Amino acid sequence: MPYTAYYTCHPRFSPASVLWFSRGWLVFFAVALLALSVVSLLNILPTAPRMVAQGFEGPIVITKGGTYTGNWESRNSEVPAVEVRTSEPVVIVHSNIRGAGPLIRSLSKAADITVRHTSGYGITPTPWQDYEKPRRFLAADVFQNIVVENCYMESTAGIYLGKSYEGNNTPEQTIRIRYNKVKNIDGRIYNGQAIAQFVQFNFRNAIAHAEISWNEVINEPGNSAVEDNINIYNSRGTPSSPILIHNNYIQGAYPIPVTKAEYSGGGIITDSPETDSSAATAHLRIYDNQLVGLGNYCIGIAGGNHIEVYNNRAIVSGMIDEQTRFQCWTSGIWAKDFYNMQSTFNNRFYNNTLGVVGQTGTWRNEVMEGMEAAATLRDNRILEGEITWEHEKKEYIRWQEKLKQQHIETGPTQAQAATQKATLQPF
């Protein structure tokens, strides 16, 4: 018997009461359906800001796309705190991550990873097997889209993007590393040191719309172990959409120990060993960055073409602190076909402001002699007079004023992410 006919014939239900009852059930089902829709919508929207629980869970493996929020930790250098094993879009937001090895890692899955308002801490590394496991904040070998914005990193080995870009060169599938606050890039591993950068590109396939901008990176002497703060290694932009590296504040690049005379790290570099001009680093614009207190170099082209370097400020007093001079080399800008691959040409340095003291404190070293063979130079300003520790302090004030003028806040906002200080054991 039909559902409504049953109640129409029942002696306790008049036609009017049946109509009211039927409408009541319709309203009930409509409200229930609306509630389910709201819940489903909330599950696909970015997680709403909320305080995270104190304490950390163990490592997590993500096999499906979605939005994830939590506190995850791995005390084993062999095990990532967060491992992404899907090419579906994954968003990590309002989280805290600690790791003795990689904090966030993806291997060979054409990753699409967005990390926002998240704090990452490197903790004491443990023994590793097969190959070194530095404490990368994020490492992806094959990817289609990587976004890291408004994050905080402390004692990590930064961001590494290697092997292959598999995106479609739209703004929705690119690299954006912006508005992050970084303290002490540290490549130290168990019983040794790996090469570590704030950002390294080491992938093939040209990429459009890529950007590294508005990041604050401060490395302290003795508490950091960074190679190049930013290294673009055989990776390319496109002629119509070059890779943009702009408006970053980078302070500090030191050897371990800090008084060591040999050091190969520094500020921002393009690197192209073992390849010709068809695959070398190319199509970059490096501009409006501030580089302060760096050992070895500030901005360099060791290989690459169609690179523009302009409107940057490089201020180096040659002092590790107010009493101690650099023992390693210090310099401003340079360009050279370092690997003799005939791939370094059509590069330009212009309108940069430079004040760089040589490592002994007795000479200035703003521009490398003979770099005209690899790049053209024009209208670069050399600051007159003594460059001191006070000049470096003023650069940070300049940076803070620039952020304020642009209404930019680096790192996770206080209302959106609770950060937890990592306790680091001595090496």
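See the structure printed just above.
Residues numbered from 1 in each chain as written. Predicted model: local features only at pLDDT ≥ 70, side-chain atom pairs only at ≥ 80, totals over all residues. Heavy atoms only, no water.

1. Focus on the sheet that holds strand 3 (residues 71-74)
Taken in spatial order, the 11 strands line up as 3-6-9-11-14-19-22-25-28-31-33 in an open sheet, and their pairing is parallel. Looking at strand neighbours, the two that pair on one side only are strand 3 and strand 33 (381-382), the edges of this open sheet. Relative to strand 6 (residues 96-99), strand 3 runs parallel, the two being bridged by four bridges. Within strand 6, the residue paired with Trp-72 across the bridge is Ile-97. This element, helix 3 (residues 389-406), spans strand 19 (216-218), strand 22 (249-253), strand 25 (290-294) and strand 28 (313-316) of the sheet and lies at about 150 degrees to strand 25. (Pairing = 2+ DSSP bridges. Helix = DSSP H or I, 4+ residues; strand = E, 2+ residues; numbered from the N terminus. Contact = heavy atoms within 4.5 Å. Axes fitted to C-alpha atoms, helices over the stretch in contact; angles between N-to-C directions.)

2. Re the packing of aromatic side chains
All chains considered together, the criterion is met by 14 aromatic pairs. Through pairs of rings, three or more aromatic residues link up here, namely Phe-143, Tyr-165, Phe-201 and Phe-203. Here Lys-133 stacks its cationic end above the ring of Tyr-131, 3.7 Å away from the centre of that ring. (Phe/Tyr/Trp six-rings, centres within 6.5 Å; stacked < 30°, edge-to-face > 60°. Lys NZ or Arg CZ within 6 Å of the ring centre and 35° of its normal.)

3. A short note on the pairing of strand 27 (residues 305-310)
Among the six residues of strand 27, five are classified as buried, and the element is accordingly described as predominantly covered. Judged from the five bridges that link them, strand 24 (residues 282-287) and strand 27 form a sheet pairing that is parallel. When the bridges of strand 27 are listed, Ile-286 appears paired with Val-309. Sheet topology note: the strand 27/strand 30 (residues 348-350) ladder contains three bridges and is parallel. Within the sheet, the bridge partner assigned to Glu-308 lies in strand 30 and is Arg-348. (Buried < 20%, exposed > 50% of the residue type's maximum accessible area, 1.4 Å probe, protein only.)

4. Here we look at the layout of surface pockets
Computed from the structure, the largest pocket encloses a volume of approximately 390 Å³. Surrounding the largest pocket, 20 residues form its lining, Glu-132, Pro-134, Arg-136, Ala-139 and Tyr-160 being those nearest its centre. Breaking the lining of the largest pocket down by element, the ones donating at least two residues are strand 10 (138-149) and strand 20 (228-233). At three residues, the largest contribution of residues to the lining of the largest pocket is made by strand 20. Its residues assigned to classes, the lining of the largest pocket comprises nine nonpolar, three polar and eight charged. A volume near 330 Å³ is recorded for the second largest pocket. Among the residues forming the lining of the second largest pocket, the class breakdown is eight nonpolar, four polar and three charged. (1 Å grid on protein atoms, 1.4 Å probe; cavity = no way out; pocket = protein on both sides within 12 Å on 5 of 7 lines; lining within 4 Å. Points joined across faces, edges and corners; volume = space filled by probe spheres on them. Nonpolar A, V, L, I, M, F, W, Y, C, P; charged D, E, K, R; others polar.)

5. Some details on the nonpolar core
Here is a general trend for soluble globular proteins: nonpolar side chains tend to be buried in one another's company. Formed by 71 residues in total, the largest nonpolar core has its most connected members in Leu-138, Leu-161, Phe-198 and Phe-201. The residues contacting Phe-198, other than those within four sequence positions of it, are Met-153, Gly-158, Ile-159, Ile-177, Val-182, Ile-185, Ile-212, Asn-215, Val-217, Asp-228, Asn-229 and Ile-230. If you look at the next biggest cluster of nonpolar residues, it comprises seven residues, including Trp-214, Trp-399, Leu-403 and Ile-408. (Core = buried A, V, L, I, M, F, W, Y, C linked by side-chain atoms within 4.5 Å.)

6. Focus on unusual backbone geometry
The residue after Ile-256, namely Pro-257, is reached through a cis peptide bond having omega -5 degrees. Considering the arrangement of structural elements, one finds Pro-257 in the loop between strand 22 and strand 23 (266-271). Despite not being glycine, Asn-340 shows a phi value in the positive range, around 55 degrees. Looking at the element boundaries, Asn-340 is found in the loop between strand 29 (333-335) and strand 30.

Just distances and angles here, no functional claims.
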